[in-house]
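Geometric and topological summary
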Amino acid sequence: MRIDESKFRRWEIYSGEVIRAPVIVRIDGKNFHRVTRECGMKKPFDERFHRGMVKASEKIMAKTGLNISLTYTMSDEASFLFLKDKHLPFRGRIEKILSVIPSYASAYIQNYLREKFSYEGLVSFDARIVKVQSLLEAIEYFSWRCSEAFRNFLNSYAQEIIGRKETYGLKGRDIVEKLFLKGFNIQEAEEWQRYGTIIYWEEIEKEGFDPITKEKVTVRRRRIHLASFDIASMHGRIRLQDILSECNR
Ligand SMILES: Nc1nc2c(ncn2[C@@H]2O[C@H](COP(=O)(O)OP(=O)(O)OP(=O)(O)O)[C@@H](O)[C@H]2O)c(=O)[nH]1
Ligand SMILES: [Mg+2]
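Note that the coordinates shown come from a computational prediction; the quantities given were computed from them, not determined experimentally.

The helix and strand inventory of the protein chain stands at nine helices and six strands. Judged by the C-alpha coordinates and their principal axes, the protein chain covers about 70 × 65 × 40 Å. In the protein chain, the share of contacts with a sequence separation of at least 24, taken over all contacts with a separation of at least 6, comes to 68%.

Here is the structure:
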């Protein structure tokens, strides 16, 4: 019997769905409330976990051949920005992008949690596309995720220090004040806890030596850089815009 392969290909009805840049792909750990509890992570923030999410992002940016301009990570999520069409993998095929990126993250975090927390359960990440139309919208998006990180930071410390019931219905400013009265000054908390971490490429100039001409030469190299700051503030948006303009060159 002759097998009509093209028929089966036609059944793959979503394989032609593509996306154009600029685009953000956000991944989020599935059921990490349970995973972090079973790992016995520090509450509300465990530096080893955040470091793992940063390292996973770095690996995805530097070791997979994906051309990601910038990543932002907080809690159990990471957002990857593809600035230009030529950066998009798999010719922009959504099925591929949304399966390969969270697979890399799951593989890395799986190993990391096994090594650092002796965790033997299975982890997974979901993924979604966030379509932005411009650099400015990308900044708006990252500023929103950063304000979510800050809200989460305030609420989780409030629940730990003030108490779940006592925090209910309180505004951000009241929480800051109550925390201060209890001896916790939020300004003294680590910036990655308040704002998450941005991972991006930075171009540096290095002195080299040309063995043929035997002359000193300056070569441009890319390296990964990390930063934690309030993207939602005016200064933060400007700083992010500067970083993205460099990536966009
Ligand atoms: N102890 C601890 N828990 C953390 C840390 N970072 C994230 N988490 C946990 O991870 C959860 C992430 O939030 P969500 O993504 O909304 O919750 P989830 O359980 O992953 O649920 P789904 O994403 O819907 O599957 C938080 O609610 C915390 O319980 C950390 O540094 N320490
Ligand atoms: Mg989650």
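Next up on the list: the sheet that holds strand 5 (residues 197-210). Whether parallel or antiparallel, the strands of a sheet pair through hydrogen bonds between backbone atoms. In spatial order, the strands read 4-1-3-2-5-6; together these six strands make up an open sheet with antiparallel pairing. Edge positions in the open sheet fall to strand 4 (125-131) and strand 6 (215-227), since each of these has one partner strand only. Direction aside, the axes of adjacent strands within the sheet are offset by 20° on average. When strand 2 (residues 70-74) meets strand 3 (residues 77-82), the two strands line up antiparallel, connected through five bridges. Residue Leu 70 lies in a different strand from strand 3, and its bridge partner there is Leu 81. Each of strand 1 (23-29), strand 3 and strand 4 touches helix 4 (residues 94-117); the most contacted strand, strand 4, lies at about 135° to it.

Of all 13 residues in strand 6, zero are buried, a share of ten percent or less. Sheet analysis places strand 5 next to strand 6, joined by 13 bridges and oriented antiparallel. Each bridged residue has a counterpart across the sheet, and for Tyr 200 the counterpart in strand 6 is His 225.

Looking now at the nonpolar core. The nonpolar side chains of soluble globular proteins are, as a tendency, buried together. Residues Phe 80, Leu 81 and Ala 105 are the most contacted members of the largest nonpolar core, which totals 50 residues. No other element matches the ten residues that helix 5 (residues 135-161) contributes to this core. In contact with Leu 81, not counting residues within four places along its chain, are Pro 22, Ile 24, Ile 68, Ser 69, Leu 70 and Ala 138.

In the vicinity of ligand 1 lie 16 residues, with Phe 32, His 33, Thr 36, Met 41 and Asp 46 positioned nearest. Counting only elements with at least two residues in the shell around ligand 1, the list comes to strand 1 and helix 2 (32-39). It is helix 2 that contributes the most residues to the shell around ligand 1, three residues altogether. For the shell around ligand 1, the residue count by class is five nonpolar, five polar and six charged.

Turning to unusual backbone geometry, a few remarks are in order. For the bond from Ala 21 to Pro 22, the omega torsion is -5°, close enough to zero to count as cis. Within the secondary structure, Pro 22 sits in the loop between helix 1 (5-11) and strand 1. Residue Pro 44 follows Lys 43 across a cis peptide bond; omega there is -5°. As for its placement among the helices and strands, Pro 44 is situated in the loop between helix 2 and helix 3 (47-62). At Asn 31, a position not held by glycine, the phi torsion is positive, near 55°. Its place among the elements puts Asn 31 in the loop between strand 1 and helix 2. On the basis of neighbour counts, which here come to 12 C-beta atoms within 10 Å, the residue Asn 31 falls in the exposed class. The residue Arg 91 is not glycine, and still its phi comes out positive at about 50°.

This brings us to the environment of Asp 46. Here Asp 46 shows up in the loop between helix 2 and helix 3. As for Asp 46 and Phe 32, which are separated by 14 residues in sequence, their C-alpha atoms are 13 Å apart.

Let us now look at the packing of helix 5 against helix 7 (residues 172-181). The geometry of helix 5 relative to helix 7 is characterised by a closest axis approach of 10 Å and an angle of 45° between their N-to-C directions. For the element pair helix 5 / helix 7, the angle class is oblique. For the crossing formed where helix 5 meets helix 7, the hand is left-handed. Only Gly 172, Ile 175 and Leu 179 of helix 7 make contact with helix 5, whose side of the interface consists of Leu 154, Tyr 157, Ala 158 and Ile 161.

Conventions and cut-offs
- Residues numbered from 1 in each chain as written.
- Chains lettered and ligands numbered in written order.
- Predicted model: local features only at pLDDT ≥ 70, side-chain atom pairs only at ≥ 80, totals over all residues.
- Helix = DSSP H or I, 4+ residues; strand = E, 2+ residues; numbered from the N terminus.
- Contact = placed C-beta atoms within 7 Å.
- Pairing = 2+ DSSP bridges.
- Axes fitted to C-alpha atoms, helices over the stretch in contact; angles between N-to-C directions.
- Buried ≥ 20, exposed ≤ 12 C-beta atoms within 10 Å, placed from the backbone.
- Core = buried A, V, L, I, M, F, W, Y, C linked by C-beta atoms within 7 Å.
- Near = placed C-beta within 6 Å.
- Nonpolar A, V, L, I, M, F, W, Y, C, P; charged D, E, K, R; others polar.
- Parallel < 35°, antiparallel > 145°, perpendicular 65-115°, else oblique.
- Left-handed = near helix turned anticlockwise from the far one by under 90°.

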